[in-house]
Amino acid sequence: MRKLIRFFKDEEGATAVEYGIMVAAIAAIIITVVYAIGVKVKAAFTAVDTAMP
């Protein structure tokens, strides 16, 4: 019974889950920013390519 009570009071696993959620959120933000920048860079190169004879 004591081991069960100690298991429910232990918050170490919750911290790992919180860090995992934070890492996933940061990765999603980075992917979004890189995609947005990539679209703008592609548009700029396309404009230069069309302007060249």
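The notes below deal with the structure included here. (Residues numbered from 1 in each chain as written. Predicted model: local features only at pLDDT ≥ 70, side-chain atom pairs only at ≥ 80, totals over all residues. Heavy atoms only, no water.)

## Concerning the overall build of the protein
When helices and strands are tallied, the protein shows two helices and zero strands. Its C-alpha atoms give the protein a radius of gyration of 24 Å, more than 25% over the compact-globule value 10 Å for 53 residues. Considered along the principal axes of its C-alpha atoms, the protein spans approximately 80 × 10 × 5 Å. The buried share among the 53 residues of the protein stands at 0%. As displayed, the protein has an accessible area near 5,300 Å², and 73% of this comes from carbon and sulfur atoms. Charge-centre separation for the protein: the mean point of 6 positive side chains lies 8 Å from the mean point of 5 negative side chains. (Helix = DSSP H or I, 4+ residues; strand = E, 2+ residues; numbered from the N terminus. Rg over C-alpha atoms; globule rule 2.2 N^0.38 Å. Buried < 20%, exposed > 50% of the residue type's maximum accessible area, 1.4 Å probe, protein only. Areas by Shrake-Rupley, 256 points an atom, 1.4 Å probe, with all protein chains shown as cover. Lys, Arg positive; Asp, Glu negative; His and termini not counted. Charge placed at Lys NZ, Arg CZ, Asp CG, Glu CD.)

## Notes on the environment of M22
Of note, M22 is situated in helix 2 (residues 12-51). The class for M22 is partly exposed, based on a relative accessible area of 46%. The spatial distance from the C-alpha of M22 to the C-alpha of D49 is 40 Å, given a sequence separation of 27 residues.

## Re a nonpolar patch on the surface
On the surface, M1, L4, I5, F7 and F8 cluster together to form a nonpolar patch covering roughly 640 Å² of accessible area. The residue I5 is located in helix 1 (residues 2-9) in this model. For I5, a relative accessible area of 43% translates into the label partly exposed. (Patch = residues over 30% accessible without salt bridge, like charges linked within 9 Å, V, L, I, M, F, W, Y side chains within 5 Å. Salt bridge = Lys/Arg side-chain N within 4 Å of Asp/Glu carboxyl O.)

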